[in-house]
Structures are given as structure tokens and as C-alpha cells.
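# Coordinate analysis (summary)
In case you want the letters, here they are:
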Amino acid sequence: MADIKPFTISIDAERLEDLKLRLSLARFPDELEEAGWDLGAPLSDVRRITEYWRKSYEWKTAEINLNKFPQFTTSIQADGFEPLNIHFVHMKSEVKGAIPLLFVHGWPGSFVEVTKILEPLTRGDGGVAFDVIAPSLPNFGFSEGTSKRGFGFAQYAETMNKLMLRLGYKEYVTQGGDWGAWITRAISLLYPGHCKATHFNMDMGRRPSYLKNPWQAFQHTTQPYNTREANGVDRSAWFNKEGYGYNHLQGSKPQTIGYALADSPVALLSWIYEKLHDWTDDYPWTDDEICTWTNIYWFSTAGPAASCRIYYESRHIWKDELNKAPHDILLKWIPNVKIGYSHFPQDIYVIPSTWTRTLGSVVFEKEHESGGHFAAYERPDQLVGDLRSMFGRGGGAYDVVKGN
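On a predicted model such as this, the values are computed, not experimentally measured, just so you know.

This next bit is on the packing of helix 1 (residues 13-24) against helix 2 (residues 43-55). Two elements in contact, helix 1 and helix 2, have axes separated by 9 Å at closest approach and are oriented at 145°. The two elements helix 1 and helix 2 cross, and the hand of that crossing is left-handed. Note on element contacts: helix 2 touches helix 1 through T50, W53 and R54, opposite L19, K20, L23 and S24. Split into classes, the residues belonging to the contact of helix 1 with helix 2 amount to three nonpolar, two polar and two charged.

Written as C-alpha cells, this is what we have:
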């Protein structure tokens, strides 16, 4: 297709030297005794990673590894906004009838999250194979960002749906966590004729009511919580009390935090590193991985500040014609699009299954004994297995895409 162009990641030497200079000039704060992780990213960790980032980390090696995956760009325009050049990974399966799967990342993730599951999903083990499309969301990674206000869930969903249609996929399924879950939820709401099923690796939902969800409400009041759900009460309470500050800041004053993230790589590193630690289940992050995840933001096309704006736009209501997918609607029952859940005990929100079943027809659920927020990266084998179970023969979403 003439309007789809191959893309190769290539950051020029001048930008790399600027990064090293900024790292060399970093000024670190002091730290209270025995602070640990209670007050945020520990000083000793941030100093060590900063030094490694400046002296030892090889971005060009990361580029080579990432460029092994087929990447492209294309220009897509959401209604009422300027055209944006959208970056995406597109790995097609050699298996006939492969299911088109749109993988949508969140913050502080990126398309890098999909890299561990691309090969097994496209290979076709377990009787089902996928064509995997993993974009950089607008304002993230190597996609362009909008200069206009009001780019919310509906516009992210519109952009993703138009991308899938441009690639020739009139029917497809989706997978997402974090913002990816909300955006794929918006796709289900706005484009049910194209999106036939969605899989979440993040719990979503609200306490069921007897008026709106009588069966789920009855189950919730009569059945005791299982171990995951009981422990999830404490996990969710911890996140709301100790881990939610970033969300309030980015959701109310994203421009203010943007100055720090755009100017200081150490600010960006510590802001992201804290979440990589707190939101995962003892995942053994290497300094290379941390630097690569941070560099995707530092070298992003729209700049690291742009990625914060989705928090603001999703909270604020603009013109009615733009705000087609507000939070409240996305947490209500949406018919016709089948849902699957992979529940991981160390995600940021862990809620009862009776709550998650209030969103629509849940045809697959799997509870895992370990794992956190970044399932595709932390627990790739488990996520791949769940997708195969959900969409393979005998699964609840088998044959949802016609002819696949």
C-alpha cells in the first residue's frame, strides 16, 4: 500500500550526545535514612542506572534488536484533528486464517511490550495463529502527537480502528491493559461491527447492582472472595493510597510535569522506574531494559510530555461530538463484543470477578498465581496461552472473526 511506509528506528548521534551530556550534568536530591521504596525510587538505584545509562548502555544495540520486528508508519486523521503519522509493528502469520489481533499498550509502556509475544502468537501453536498489529499510540513512541485539545478515548479508538481497516482487517480482535484496556473498550463501544472480541489483562468494572446487574450482584453478595480477590482488596487499597499520585498530577496538570520529563532524563527515568518496580510482581528488571523503556519516551516523536495528556483528556469533557466514549459509558454493559480476562494478582487494581463481568459477555477468565501490570512483558507465556485458549477451537471466542 502506497500510504503505508516501512519504518526503521534510527536516533541520530547529536540526540544521543545531548542525552549523555544531560545525564552527566544531573543533580540528585538527598534522601532520608531508611527511605527504601516508601518515598519513591531510591537514590542509590537512580544513581546507578543513570551512570549505566551514560557510560555503558548501548542504544544502537537496542535499535538493532527492535528493528528486527517489521515496523511501518501511515498517516491517519481522527475527525476534527490534524493527520498524524502513526507508527506500528505488523507481524503477519504464515498460517492461513490467522486472526487479526490489535495489541494496544498503555503508560509507561510502549510497543516494546509486545515483542516477547509476537513470535509465539504468529507461529500458530495450539491450533490458532494471529496477525499482530502493535501501534505506538498517538502522543507515544514513534507516532506523532496532536496539537489540539480534546483528543480522548474516542479519538484513540478511531485512530486504531482506521489503522486496522487500512491494513485490510474489516474484522479483528483486541488485547490491552492500562490505557490499552480503556482504548480497546472504546473500540468495542464505537466499532462493534469491526471489533468482535477483546481480551484484557487488567481488571475493569464496578460493584454490580441488583438494578443493573442482578445476577452478578447476587453472586457478589452470596459468594465469598477467593484468595486473589481477598488479597486484591489490600492491593487496590495500597494503589489508591500510595500509588495514585502520578495519575492525579498527569490528569490535572500534565503541562507542569511535562517540563521536567522533557528537560531531564533523570526525572523521566525515576518517574518511569518507580512504576516498573511498583506495578510488577518481582520482575527482575535489568538496567538495559529500564534504559530501553525510558529511551522510547525520551526519543519519542512527540516528546515525553505528550504521553501524559491522555490522563487529562480522559477526565475532562469537551464538545459532545468529540466525547463519544466517557469513563462512565465504558464501565457499563456493552453488548455484542465478547470479553476475556487474564487476572494477575499484582496488577494495580485487583477486583472481584463479579465486578469485571458487569461490562459484557465474558467468555474467558483465567486467574494466575503471579504477575503484575505488564503481562505481555512479565508473563508472556501465560498471556499467549490465555489468548490461544480464548480464541482457539473450543474457546469462548472461537470463530468470532469470519473465515479465521
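Now for the environment of P120. You can see P120 is positioned in helix 4 (residues 118-123). Separated by 34 residues in sequence, P120 and A154 place their C-alpha atoms 31 Å apart. The contact partners of P120, leaving out residues within four places of it in the chain, are V384 and R388.

Counting 110 residues, the largest nonpolar core has W59, W107, F130, I183, I187 and F391 as the members making the most contacts within it. When sequence neighbours within four positions are dropped, the list of residues in contact with W59 reads I9, I11, L16, L66, T292, N295, I296 and F299.

Let us now look at helix 5 (residues 153-166). Under the 1.5 Å per step criterion, the end-to-end length of helix 5 is 20 Å for 14 residues, consistent within 8% with the ideal 20 Å. Counting buried residues along helix 5, 11 of its 14 residues qualify, which places the element largely inside the surrounding structure. Among the residues of helix 5, those classed as buried are F153, A154, Q155, Y156, A157, E158, T159, M160, N161, L163 and M164. Immediately downstream of helix 5, the backbone of G168 shows phi near 95°, a positive value.

Turning to the pairing of strand 3 (residues 84-91), a few remarks are in order. Taken residue by residue, a regular strand's side chains alternate between the two faces of the sheet. In terms of burial, strand 3 is a largely internal element, seven of the eight residues being buried. Where strand 2 (residues 71-76) meets strand 3, six bridges bridge the pair, whose relative direction is antiparallel. The partner of T73 across the bridge, within strand 3, is H87. Pairing between strand 3 and strand 5 (residues 130-135): four bridges, direction antiparallel. Bridging from a neighbouring strand, F88 pairs with P135 of strand 5.

A few words on the sheet that holds strand 4 (residues 99-104). Remark on secondary structure: sheet strands pair via backbone hydrogen bonds, oriented parallel or antiparallel. Taking strand neighbours across the sheet as the criterion, the nine strands line up as 1-2-3-5-4-6-7-8-9 in an open arrangement whose pairing is mixed. Looking at which strands have only one partner, the edges of the open sheet turn out to be strand 1 (4-6) and strand 9 (362-367). Between one strand axis and the next, the sheet turns through 25° on average, direction left out of account. Note that strand 4 and strand 5 share four bridges and pair parallel. Pairing of L102 across the sheet is with I133, part of strand 5. Sheet strands in contact with helix 5 are strand 1, strand 2, strand 3, strand 4, strand 5 and strand 6 (172-176), and its direction is about 115° off that of strand 2. Strands strand 4, strand 5, strand 6, strand 7 (195-200), strand 8 (338-343) and strand 9 of the sheet are contacted by helix 17 (residues 380-391), whose axis makes an angle of about 145° with strand 7.

Conventions adopted
Residues numbered from 1 in each chain as written. Predicted model: local features only at pLDDT ≥ 70, side-chain atom pairs only at ≥ 80, totals over all residues. Heavy atoms only, no water. Axes fitted to C-alpha atoms, helices over the stretch in contact; angles between N-to-C directions. Helix = DSSP H or I, 4+ residues; strand = E, 2+ residues; numbered from the N terminus. Left-handed = near helix turned anticlockwise from the far one by under 90°. Contact = heavy atoms within 4.5 Å. Nonpolar A, V, L, I, M, F, W, Y, C, P; charged D, E, K, R; others polar. Core = buried A, V, L, I, M, F, W, Y, C linked by side-chain atoms within 4.5 Å. Buried < 20%, exposed > 50% of the residue type's maximum accessible area, 1.4 Å probe, protein only. Expected span 1.5 Å × (residues − 1). Pairing = 2+ DSSP bridges.

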